[in-house]
Amino acid sequence: FESLRSAILSNHNPAVPSPDPVFTAMRQNFDFYDYSIFNPILPLMEDDNQSATAVEERDSCKVLSKEDMTKLTNEHARSLEEALENIAKSAPSDQSPNAFACSERMLMLLSFDMLELMSNYSKSFSYIESMMESQLISAIGKRLESDDIDKFTTFHNARLLQKAPNQFSHAIRQPEHYPVGLVSIEDNTGDRKCIQTHSRIVNVSSTVKLPLAAATILELAGDQVLHGWMNQRFGTKTASGRKYFFELTARARQFSSFILVIGTMNGPSTLEPKDSIIIQNKDEVLIPLLLEELPTAKEFKDAIKSLSPEQQRFAKAYRSMQLESSVFGICVVQIKPQLEALLSLPPNSLDKEMKLTQDLMELFVEYQVPSDLLSYNGATDDVAVEDKVSNVREHVKSVMEVIEGEKEKHLKNAALNTAMSIEKHIQQDLAHSEQRSGLHDVVNGALIDPRPPTMFYKSATAPARRSGAAKLRAPSGGAQQERFRSVQSSAAPVPRMAKMSAVAAASPGRGTVSQVSQPAPQSYHGRTEHVLADRSSTGVDFTLIPKTLDVAIENNGEGSALRSTIIKTRDTWTRHRQENLLTASKDEVLTTEDLKKEKHKAFDLLDALSRSGSLPIQYSELHVIVALTHCFDKSVMETVICDNVNPIEKLELSTLLLASAIHGVPARELIKDDGEL
């Protein structure tokens, strides 16, 4: 500000015409330094020391009058004509062989004058804006940034709206139970603040479909919550071109677990899953979110108005798909209460059964054991809760014993196959050594093969050789006999190593376990469709909310600032996991392949918890998010000073439009009465 002020005072003084130093040097090179031209562009301000009454009387005269403006422009024209006349008198004629003739000198003088006018115009506005910015900073006490507007918006919405937005941070719990986890969307740039959303529980009696496969469709019968997120962006750089600023965070308590499903709403009552993961035992998963801003309705109409009717219909159909796919869905499924419903156990019966719950999840995820083998099968339901849990525990123990038995059988078979393979190689080597007897060395009457002694290893579990098999003849001398025995005794560790390799080969991986587990039954498809057909899904159509907002934004004159926003997840996630209670938690990056594996595990567990779609998921929560971004082309200070726009008023109108669409009431009913403000 001070540098601009000094430049204005030194270079823009109308009493002493003094051009810009840069242009002065340029004019000196062309002998124009003696020609001073009055510059009428300068910031004229009045240091008003008069009384308030005198100021009010002159409020209508805040700019120069027409007569004063005419005097300034006339002086500029007079000084310019005088300079042109001096050039005509002193410069050579156009027929002169001089490098710069009279007409050329006049043209260059006019060009320099235009450059000085533009320079003074830019510096004058910069001076005024800098002065106003310094005054605003002095009044507020700091330079405002985007975070400051976020804080004020939160404060202002709480005072203005009857239903103020809340933080998107939801505890995962059953009624009258301690939370098993937490799901939130946070800002990852600083103190990890949660975003503010307008929320409403909708479609109380309806269900949502969650397709796992072509033959398995889950029925989510839990709560459905509609959220509206108003995001703001200051600056020309779009959100898709910046580093991600928000993260979906999911945390689980110790000895607790839940399933997180992320996708988009496809139709009025279908959640199309994109990713899924099981979160358990103090896991913390950080999922980066990418915000993709769509063109506004006004920009879209301006862009397609010159296209053909066929091209316009194609563009409108594709935009309709974009708006519907901008509805982001987050589904949380509680595992323990759904296990109780699956196994025919009373509610809360597995609250303190931590080991049993872990064993059940392992059987469902790793081994894909059908739930019919584990559920309660008592003759009557009029028994104690402990007896029902004990019945299920016995079933789990029986299945575990079968699995362990299968593992041991695989280990024995692998060890036997390894021993037989080694014996076969030994016999082949001995036969080959007898055929090559000419290559043996004779030492004290003994035949010793020059190859390493490991070729003569003998398996302890292998059957005895036939009498006709080739044998190694022992030497007659004492020292040679001892050496021969040492060679034979070195064969003992081989079967033990073979057994270790067999254990590694029989580890409980998905490919090995498939021999023990049974495939999930596919006969539930008809029953699933029948169940879903009987349930109505009337209520709020989530995919119509973006279209409703698009029309409301265009009708209220905010078509150039508010943009519908698509929320997407990044391809790499971060998971904080503690392997056991004795180690510290470590960060783990989940790549695309890791996410596929986690998705398959979560889908296997969901398939088991729902009996392949025949059992509704009662203990679920679906959070549907519709996002809008209010875009400002400049920073906060530039928006206020340069554009003379109050961002608070713009954001207030945008918030009312979004809240009206989310709550389904007119905007006037959302504002508090005058007595409450």
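Residues numbered from 1 in each chain as written. Predicted model: local features only at pLDDT ≥ 70, side-chain atom pairs only at ≥ 80, totals over all residues. Heavy atoms only, no water.

*Asks:* Please give an account of the overall build of the chain that cites residues and values.
*Replies:* Of regular secondary structure, the chain possesses 19 helices and 18 strands. Looking at the chain as a whole, 40% of its 677 residues qualify as buried. Total accessible area on the chain is roughly 37,400 Å²; 54% of this is exposed by carbon and sulfur atoms. (Helix = DSSP H or I, 4+ residues; strand = E, 2+ residues; numbered from the N terminus. Buried < 20%, exposed > 50% of the residue type's maximum accessible area, 1.4 Å probe, protein only. Areas by Shrake-Rupley, 256 points an atom, 1.4 Å probe, with all protein chains shown as cover.)

*Asks:* Lay out helix 10 (residues 354-365) with the relevant residues and their values.
*Replies:* In this model, helix 10 (12 residues) spans 17 Å end to end at C-alpha, consistent with the 16 Å of a helix rising 1.5 Å per residue. Every buried residue of helix 10 is listed here: Leu-356, Thr-357, Asp-359, Leu-360, Met-361, Leu-363, Phe-364 and Val-365. (Expected span 1.5 Å × (residues − 1).)

*Asks:* Talk me through the pairing of strand 16 (residues 573-577); I want residue IDs and the actual numbers.
*Replies:* In this sheet, strand 16 lies alongside strand 11 (residues 284-293) in antiparallel orientation, the contact comprising three bridges. Across the sheet, residue Leu-286 finds its bridge partner in strand 16, namely Thr-574. Looking at chain direction, strand 16 and strand 17 (residues 586-590) are connected through five bridges and run antiparallel. The residue of strand 17 that forms the bridge with Trp-573 is Leu-590. (Pairing = 2+ DSSP bridges.)

*Asks:* I'd like to hear about helix 4 (residues 66-90), residue by residue, with values.
*Replies:* With 25 residues, helix 4 should cover 36 Å at 1.5 Å per step; its first-to-last C-alpha distance of 37 Å lies within 8% of that length. When helix 4 is considered as a whole, its buried residues turn out to be His-76, Ser-79, Leu-80, Ala-83 and Ile-87. Structurally, helix 4 contributes buried residues whose contacts are with helix 5 (102-140). (Contact = heavy atoms within 4.5 Å.)

*Asks:* Please provide a residue-by-residue account of the confidence of the model for the chain, values included.
*Replies:* Residues of the chain with pLDDT of at least 70 account for 73%, and the chain-wide mean is 78. In the predicted structure, residues 238-243 sits below a pLDDT of 50 and forms eight contacts with residues beyond four places in sequence or in another chain. (pLDDT = per-residue confidence, 0-100.)

*Asks:* Can you explain unusual backbone geometry? Please cite residues and give values.
*Replies:* Positive phi values are uncommon outside glycine, yet Glu-176 reaches one of about 60°. Take Glu-176: it is sitting in the loop between strand 2 (169-172) and strand 3 (181-187). Its identity is not glycine, yet Asn-348 carries a phi of approximately 70°, on the positive side. Among the secondary structure elements, Asn-348 is positioned in the loop between helix 9 (335-342) and helix 10.

*Asks:* Break down the nonpolar core for me, citing the residues and quoting the values.
*Replies:* Core analysis: the biggest nonpolar cluster contains 60 residues, and Leu-226, Ile-259, Leu-363, Leu-374, Leu-605 and Leu-606 have the highest contact counts within it. Excluding residues that lie within four positions of it along the chain, Leu-363 makes contacts with Gln-368, Val-369, Leu-374, Val-396, Val-399, Met-400 and Ile-403. Grouped together as the second largest cluster of nonpolar side chains are 29 residues, Val-183, Ile-195, Ala-250 and Ile-625 included. (Core = buried A, V, L, I, M, F, W, Y, C linked by side-chain atoms within 4.5 Å.)

*Asks:* Just give me the short version of the environment of Thr-296, but keep the residues and values in it.
*Replies:* Here Thr-296 lies in the loop between strand 11 and helix 7 (297-304). Residue classification places Thr-296 among the buried residues on the basis of a relative accessible area of 1%. In this structure, the C-alpha to C-alpha distance between Thr-296 and Asp-550, residues 254 residues apart in sequence, is 7.8 Å. A distance of 3.2 Å separates a polar atom in the side chain of Thr-296 from the backbone nitrogen of Glu-299. (Polar contact = N/O pair within 3.5 Å; in protein donor to acceptor, adjacent residues only side chain to side chain.)

*Asks:* Go over the side chain of Gln-224 with me, naming the residues and quoting the values.
*Replies:* Turning to its location among the elements, Gln-224 is positioned in strand 7 (residues 223-234). Within the structure, the side chain of Gln-224 is placed 3.3 Å from the backbone oxygen of Ser-206, a separation counted as a polar contact. Setting aside residues no more than four positions away along its own chain, Gln-224 makes contact with Arg-200, Ile-201, Val-202, Asn-203, Ser-206, Thr-207, Val-208, Phe-542 and Leu-622.

*Asks:* Quick one: what's the story with the packing of aromatic side chains, residue by residue and with numbers?
*Replies:* We describe a pair of aromatic rings using the distance from one ring centre to the other and the angle between the two ring planes. Inspection of every chain in the model, using the stated rule, returns four aromatic pairs. Summarising the aromatic geometry, the rings of Tyr-121 and Phe-125 are spaced 4.8 Å apart at their centres and angled 55° between planes, so their arrangement reads as tilted. Of the two residues, Tyr-121 and Phe-125 both sit in helix 5, four residues apart, roughly one turn of that helix. Tyr-121 gets classed as partly exposed once you look at its relative accessible area, which sits at 47%. Exposure remark for Phe-125: the relative accessible area of 41% places this residue in the partly exposed category. With a centroid separation of 4.6 Å and an interplanar angle of 5°, the aromatic rings of Phe-234 and Phe-632 are classed as stacked. (Phe/Tyr/Trp six-rings, centres within 6.5 Å; stacked < 30°, edge-to-face > 60°.)

*Asks:* Any details on a nonpolar patch on the surface? Residues and values, ideally.
*Replies:* Residues Phe-255, Met-354 and Leu-581 make up a contiguous nonpolar surface patch of about 310 Å² in total accessible area. Here Phe-255 is to be found in the loop between strand 8 (246-252) and strand 9 (257-265). (Patch = residues over 30% accessible without salt bridge, like charges linked within 9 Å, V, L, I, M, F, W, Y side chains within 5 Å. Salt bridge = Lys/Arg side-chain N within 4 Å of Asp/Glu carboxyl O.)

*Asks:* How would you summarise the environment of Trp-573 if you had to cite specific residues and measurements?
*Replies:* Along the chain, the position of Trp-573 falls in strand 16. Using a relative accessible area of 1% as the deciding quantity, one classes Trp-573 as buried. In this structure, Trp-573 is in contact with Ile-262, Asp-275, Ile-277, Val-285, Leu-286, Ile-287, Pro-288, Glu-588, Val-589, Leu-590 and Leu-595, ignoring residues within four places of it in sequence.

*Asks:* Outline the side chain of Glu-293, supporting the account with residue identities and numerical values.
*Replies:* Positionally, Glu-293 belongs in strand 11. A distance of 2.9 Å separates a polar atom in the side chain of Glu-293 from a polar atom in the side chain of Arg-233.

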